[in-house]
Structure formats: structure tokens, C-alpha cells
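Residue strings, one per chain:
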Amino acid sequence: METITPNIEIRSVVAQCLRTLTTSAENKDVITALQTLQSYLDEGSDSRIPSVQRAEFRRVHFTRTLRFLVSNIQADWVHSLKAQQRKELWDGLFLKGPADQTLLVLMEGIGELRPSINLDHLISITERFLQNGGLAELLWSYCLETGPSDSPQLRETLQGRIVGLPDLLANKLQLNNKPLFLPQQYYPLLATEILSALENVCQALRNGTDCSLTFVAQVLGKVCVQGQSALVFSEMAPRLSIHTRSDMVWQRVCWKLLQDVPQRCMESVLTGLVQSVSRPDILGRIIGNIVLTNKKAQFVITHKLLLLQYKYETRVLRVLLGYLAADRERRPLLIQVLRAVSQAWANPSAVKHTPIEQQLYVSKALLLSVNLLDDSELHQLQSDLLQCMLGGMQSHLDSSVVRIRHMGMVVGECLSSRMDISETKLKFEYDQDDETRELLSLMTAHSDDESDPEPVSRSESPKVTNEIPPPVPNKLPQNNLSRQPDPDLDSDDELTPYDMSDDQEMSAASPPRYLRDCLETLISSEDPMRVELSLIAAEDLVRKNVFAAREISVELTKVLLHMENKYNLNNFLVLRQATMVALTVIDCIPVTQYLTTEFYSLNYSLRQRLDMLEVLVFAARELSSPVSEKRDPSVGVAATGSSGLSPYVNDKPVDWRQEVEKRIQSKTRRLRKGVTQPAPEATPNRYAPVAGHFFFPLLRNYDRPQVTFDLLGSDHLVLGRLIHTLGVFMHLAVNAPVATQMGRALLDFVWSVRYHVDQTVRRGVLFAVCSLLMSVNSQNLLADFGDQLFETRSWLADVAEADPDGDCRDLAVQSLVLLDKSLKKQLQN
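Quick caveat, the model's predicted, so the values are computed rather than measured.

The rules behind these values
Residues numbered from 1 in each chain as written. Predicted model: local features only at pLDDT ≥ 70, side-chain atom pairs only at ≥ 80, totals over all residues. Heavy atoms only, no water. Helix = DSSP H or I, 4+ residues; strand = E, 2+ residues; numbered from the N terminus. Contact = heavy atoms within 4.5 Å. Buried < 20%, exposed > 50% of the residue type's maximum accessible area, 1.4 Å probe, protein only. Axes fitted to C-alpha atoms, helices over the stretch in contact; angles between N-to-C directions. Parallel < 35°, antiparallel > 145°, perpendicular 65-115°, else oblique. Left-handed = near helix turned anticlockwise from the far one by under 90°. Nonpolar A, V, L, I, M, F, W, Y, C, P; charged D, E, K, R; others polar. Core = buried A, V, L, I, M, F, W, Y, C linked by side-chain atoms within 4.5 Å.

1. Let's talk about the side chain of Asn 177
Line of reasoning, step 1. As for its position among the elements, Asn 177 is in the loop between helix H10 (165-173) and helix H11 (183-206).
Line of reasoning, step 2. Ignoring sequence-local partners within four residues, the contact set of Asn 177 consists of Leu 169, Ala 170 and Leu 182.

2. Some remarks on unusual backbone geometry
Line of reasoning, step 1. In the Ramachandran plot, Asn 571 falls in the positive-phi region, its phi being about 55° despite a non-glycine side chain.
Line of reasoning, step 2. Here Asn 571 is to be found in the loop between helix H31 (553-562) and helix H32 (572-586).
Line of reasoning, step 3. Looking at Asn 571, the relative accessible area reads 52%, which means it is exposed.
Line of reasoning, step 4. In this structure, Asn 735 takes a positive phi of about 65° despite not being glycine.
Line of reasoning, step 5. Inspection of the secondary structure puts Asn 735 in the loop between helix H37 (716-732) and helix H38 (739-751).

3. Section: the packing of helix H6 (residues 99-112) against H10
Line of reasoning, step 1. Two elements in contact, H6 and H10, have axes separated by 10 Å at closest approach and are oriented at 25°. Classed by the angle they form, the pair H6 and H10 counts as roughly parallel. Our pair here, H6 against H10, has a crossing hand that is left-handed. Contact residues: Leu 103, Met 107, Ile 110 and Gly 111 in H6; Leu 165, Leu 168, Leu 169 and Lys 172 in H10.
Line of reasoning, step 2. Here the residues of the contact of H6 with H10 sort into six nonpolar, one polar and one charged.

4. Structural notes on the packing of H38 against helix H41 (residues 786-802)
Line of reasoning, step 1. The N-to-C vectors of H38 and H41 enclose an angle of 45°; their axes lie 13 Å apart at closest approach. Relative to H41, the element H38 is oriented oblique. For the element pair H38 and H41, the recorded crossing hand is left-handed. Contacts between H38 and H41 involve Leu 747, Asp 748 and Trp 751 from the first element and Gln 788, Glu 791, Thr 792 and Trp 795 from the second.
Line of reasoning, step 2. The residue makeup of the contact of H38 with H41, split by class, is three nonpolar, two polar and two charged.

5. Regarding the nonpolar core
Inside soluble globular proteins, nonpolar side chains tend to come together where they are buried.
Line of reasoning, step 1. The biggest cluster of nonpolar side chains holds 150 residues, and the ones touching the most others in it are Trp 77, Ile 162 and Ile 287.
Line of reasoning, step 2. Counting residues per element, this core draws most heavily on H11, at eleven residues.
Line of reasoning, step 3. Those residues in contact with Ile 287 that lie beyond four places of it in its chain are Trp 255, Leu 258, Leu 270, Leu 273, Ile 301 and Tyr 323.
Line of reasoning, step 4. Ranked by size, the runner-up nonpolar core spans 89 residues in total, among them Ala 538, Val 559, Cys 588 and Ala 736.

6. Side note on the environment of Gln 759
Line of reasoning, step 1. Tracing the chain through its elements places Gln 759 in helix H39 (residues 759-775).
Line of reasoning, step 2. Given the relative accessible area of 6%, Gln 759 is considered buried.
Line of reasoning, step 3. Residues in contact with Gln 759, not counting those within four places in the same chain, are Ile 356, Val 401, Ile 404, Asp 805 and Cys 808.

Such coordinate-based values are descriptive only and should not be taken to indicate function.
Here it is as C-alpha cells:
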């Protein structure tokens, strides 16, 4: 009876107060009722309500009271209160009671009310609740386990309201949302409140009070699962790094917090935390050895973040692998990671079917792991690393992608240098870029100084050496050399030297004036000067002497194609290619027949076959361009001699009539002018009549393997370049009568290699299909390719979604857009 009597008494008092608020018209009675209800929330020794009754009111009657206030927010007695009274009595009931019940009632009331002044009132109370530390009080109450009964449904609802508050209020308020409720402000506030709760937990543990971190860990996991880990850990990670530096209690609290995170949220929490910390030692202090006790955490850290995902920066790899190497108990996992990464890097299938970005990521992980091994571990793994180096280098060097080949060279050099087998080190020749320099920098020692907040900035910065640069002599201006002339010296010493920097050395040999002399020089001469002058003059001679060029076009093309740069001449490749392009343009059909026939002949190197394709492409582009009086150099050959000098003004005298007319036009004001420039004259397309000679011979013998040439076998680079060349020919043949026939043959050819393992070939196939869709008229496209269009569209959709190469996906999307546009246009017609 002693426990029942207080409950009955409180129930009767609360019922009387609510009845008074509902029926009384006196302002004095309303204020008294509100003060009575609020007295049950007062804390401290001066409160006249016993603690048992206050606890009972909080447990049973507080939510009922708040719901009554929200349901009567439009009542007259509410609006009869003054602003100060309403703030202290009505609003105070929300802000002084249990935080969890307050948050639930506020979110329930906001969801039920329509846009009005009453909704604005509840929004302002919610703002004050968040600003006054309501979330910290809520989390701390669950750490002490003094909250309501441990109901899973209640906890799940409360966690959903805490984590989803920005979304709920944004849907309700829309354009009238408050800045505090935006994710950029709310989630850092939530992180600060979590830290406050953890601070209270640490203090309670020092005082001998038991606490629970389950609810806080569940809230943290739910926030990270919803994609807000970056905002939360950007606030928490620096504070946790400072607290755990010298405080063991904080370290134990952080370890326990991570252990209590639900398994379904573990990946999101660890991923966000790893990206927010700057050094491995910080990560080790925060998460401890959770990688050894939690299977999900071990899978995420040792496998998923290293082998399955590749979007992270190099700093994340340093943090992860440095964390595994920092502790003796975790080092076996580093050995396990190194074996898995080396197998992935050396896998030929992975080199062919994974994106370049992922291969670069795995290469970085491999080099960082090897750099963290000590001598005993390196000796233990020497056979595995040697097998990885040999097999992986072979797979990378066989690739047709330059980046992949460079990647294999750099990793091979680094592994051989680290293993130091028989004191022999591999050394390749390649052009260094940012990517290769970053890979090479991963093998250098990296300091984890506590005072350095961002170690990644040091590793990416240029290496600072202690070498003293040689002294640079003082260079005085030229006009200061004669500042104090010596009277004993001759007066000629004061003269400024003549600038001879642009002078050219006089050559004993003269450039050829006839094309046959040029041919004879290229065939038989052993004089480097004569050969160079002949190469420089060859293109101009071909274009000026058309009839002479047609007589020896095939012979000169053959000589140039087989010519080697044995004298190490400047711009040799450019000059040779420009001349062959000019020969192809001047005498199109014979030279094209020769090049397309020799492309599948024996005893040609891959470089020569690629040269044939490049010459054909440049010639086709020039033929398809309008003829102009001033022709630009075909492939960017620099002008020689005095052609680059501008003439004097007086070299071309202007007629006086033209000068007078020019002055009159400049001083005459006209209100309206007609066409100032004449319309460009129409010129025939020189490529359209001969497009078939460029295109169809290249499709003749592609499936016949030769002794030194296997187009459908191992020569992936030539196959990809061939398909790309055919796509260029197709694109240049737009509106040509033969375009439809070319498109049908091209589609039949590329259809058999559309799923090729090499990404260069797949890019060429997609480029060819894109060129076909742009070149063939939409009417002919539906009439002549109708049976293949739907199958082509399905294939393009699969490539756009699932191809590992980003360029292939982009080309597939462009082709889909062109195809849908053509089909839509034709169906509308």
C-alpha cells in the first residue's frame, strides 16, 4: 500500500491539472496548473516533491502531459499566456523532462501539424532542445541505463528519430528549413554530443560507476550506414586522437564503442574512421586490436578496403597497412595481406578485366606492404614475391595500355630493389609522370611524427636534400659592363656585341630540286646532311610536282616505309610521315592499294604496320577537308628556311586607288550593312569517291595468322588501332554513297570481337560503332540495319553498365544516345 499510494496521488494531481487546463477560463488557474506540473521536474534539494514521486512522474506521466500540451496548442488558455510565461511554463515542460520522451513527442507533433504558427513554435522548441545539449543528455541517460525499459522497438524508434531528424524536418519544412537541421550542421552537432556522452562515461568509470555504450554504438553505426560518416568523424576523429594519446581510459572506451557497433554497421564505421585519421598510430589507439577479435572488421580492413574497393587515397593505404604492421600481434595479418595483394597483382585475368584505377590501387598496396616488411619476413616471402614479380611483370608488359606497362615496370624495379637478388636490380626505360613518381615514392621510408598532422603531404612533396647547390656567378646587365670604362682600353670594347643567336650554320650540301634526285639520295646516299635535306624537301617537292610524284609515288612510299633513322635525325618520323601522306593524297589509289596490301604481308614489324594505318588516316582526313589556297602542314612539320619570316611592308606596294577607297570606307557611317564576307564556295569531297579503297582492303585478310603477325591472337594493339582506323574512315565517309555498305561490313567485322579481353580493342569497337551511327543516315540505318539494331542496343546497354573500363562505358553511353536519337527521328517520320 505504501508504493501504491504515491502513484494514486500523482495520478490524481496530474489529472486535476489537465482538467483545469481544459475547463478553466481563469489565467491564474492555468498558471498554477502549469507550475504544479513543472514542480515534478525540478531537481535539487530545494524541491518540495519527493524524489520517488518525481521519478514516477517522469516514467509514467511525462509523455502523457507533453502530448496533452501539443494537442491543445491552439487552445485559448495557451494564447492567453504572456510570452515570458509561455516560455518558462509551457516550453519549460519540454526542456526539463527526460530527453528521449521530449524528442519523440516533438517529432510526433511536428509530423501531425500543418504549416502554421503552432508548427513554428514546436520547431523553435526543437532548436532549443538541440542547442541546450538535449542529445547529450539523451545519450548519457542510456549510458547509465536510467532510461525507460529496454524495449527494442522503442530503441529502434528513438535511434531513427535521432539519425533521421534532418530528413524528417526537411520533408516537413521544405524551403523553410532551419540551418541547424541541415546535415552540414546537425551531424557535427551529434558528433559533439556523442563525445560529451563519452566524456561522462570516462569520468564515471574513474569514479567506479558501470556504464553501457550499446545505445551510443548503435546510433553511431546507424549514422554511418546512412552515409554521414564523413561529417561525424571529421568532428570526432581529431578529438579522439587527442584524448587517446595519453589516457588509457579513453582508449578502452573507444575500443568498447567499436566492439558494440552492430555487425551490419561495422563496415561503414571503419571506412569512415579510416578516411578521417591521418596516421596509423591514431587508428591503432582508437580501434585497438578489433581486427583480431571481430571477423567482420578483419574482412573489411584486410580484404575489402584493399582488394575490392579502390576509390581511396594513398593515405588510406598507408594508414591501413601501417596499422597492421605497428603491433606484433597484427603483423601476421600483414603477411596475409601481402600474399593476397601479390596474387591479385600478378593475376593475368585481373590485368585484363579490372579497371586501371584498381590495378594502380593494388600496385600501391603491394609496394607499401613490401616496404613495411623486415629482413626476416622478406626472406620468408622471397619465393612468393619472386613468383609475383616474374608473372605479374609478364602480364603487365604484354598489355597494350601504356599505363599498365609502366605500372609493371615500376613495380618490377621496386620489388627487385627490395629483394636484392644476387645484387642485380631491374631497370627499365620509361617516361616518368606523376603516376610513376608516386609509385616510386612509396618505397621510401615514411615518418609518423606525432607533431605532423598530415603525413601524406610530406610523401607527395618533392624530396628535400642537404646538398648545397653550386654558387651561381653574378650576372650583371649588359649595359652595366661599361659603367666605369678604363681609359687605357680601346674604345671598341664599349660597343654592344651583335646578337648572333639566330644565325644558322652554312651547309656544304644543297637541298634537292627534283623529286627523282630526292629519291636517289634516300636510297643510296650515306651522307647524313644530304639525307636530312632530302627528307625536309620531299613533301614540298611532292605537292608542287604532281606529275613527277605520280610516276614514283609507290616506289618513294616503299623507300620511306622501310627507311630507318640510322643517323638520328631530328623530326625524322614527322618528316617521313608527312611525305607519305602527301604521296597518298596526290596519287591516292595506287599508294592506298600498296599500303593496304602490305599491311597483311610478311616481314613487317608492328611499328611499320601502325605507320601504314597512321598514313592512311591522315591522308583520308586531308582528302575529306575542303581545298584551300593556303594549305596547312599535314602533320605539323615546321617550316624551314625563310618561310617563317614576315616580308617588309614595302615589298608589296598598294595601289593608291585601293588606299583612297580604304580611307573612305573607314570614315563612312552606314546604318546597315549587307553580307561583309562572301559565302564559302562549295568544293567537292575528294575522299568520297575513293573511300572504298581505304576501307575494304583492310578487311580482307584479318583472320589469317601470319608468321610474324597474328591480328586475332596476341597483337591486340594492332587490332585495336585497325578497328579505330576503320572507324575514322567510316566517320569521314558521312553522306557518301558507299557509307551504308561500309557500315554493314564494319558492323559484321567488329561484332565478332565486341567482347575482346583487351580494353584497347573494346574501345576501338565502340568508337567504330559510334562512327557508324553518326555517318549512316537514319533512314538507311533502320532499313539496312534493322535486324541488328536491337541486338546492338542490348549489347551497348550491357557495356555501359558492366564494362570495367571507364572509357568503354562512356563510349557505350554516347552510342546509345546516338542510336536512340536516330530511331526516334525515323519513327517520328
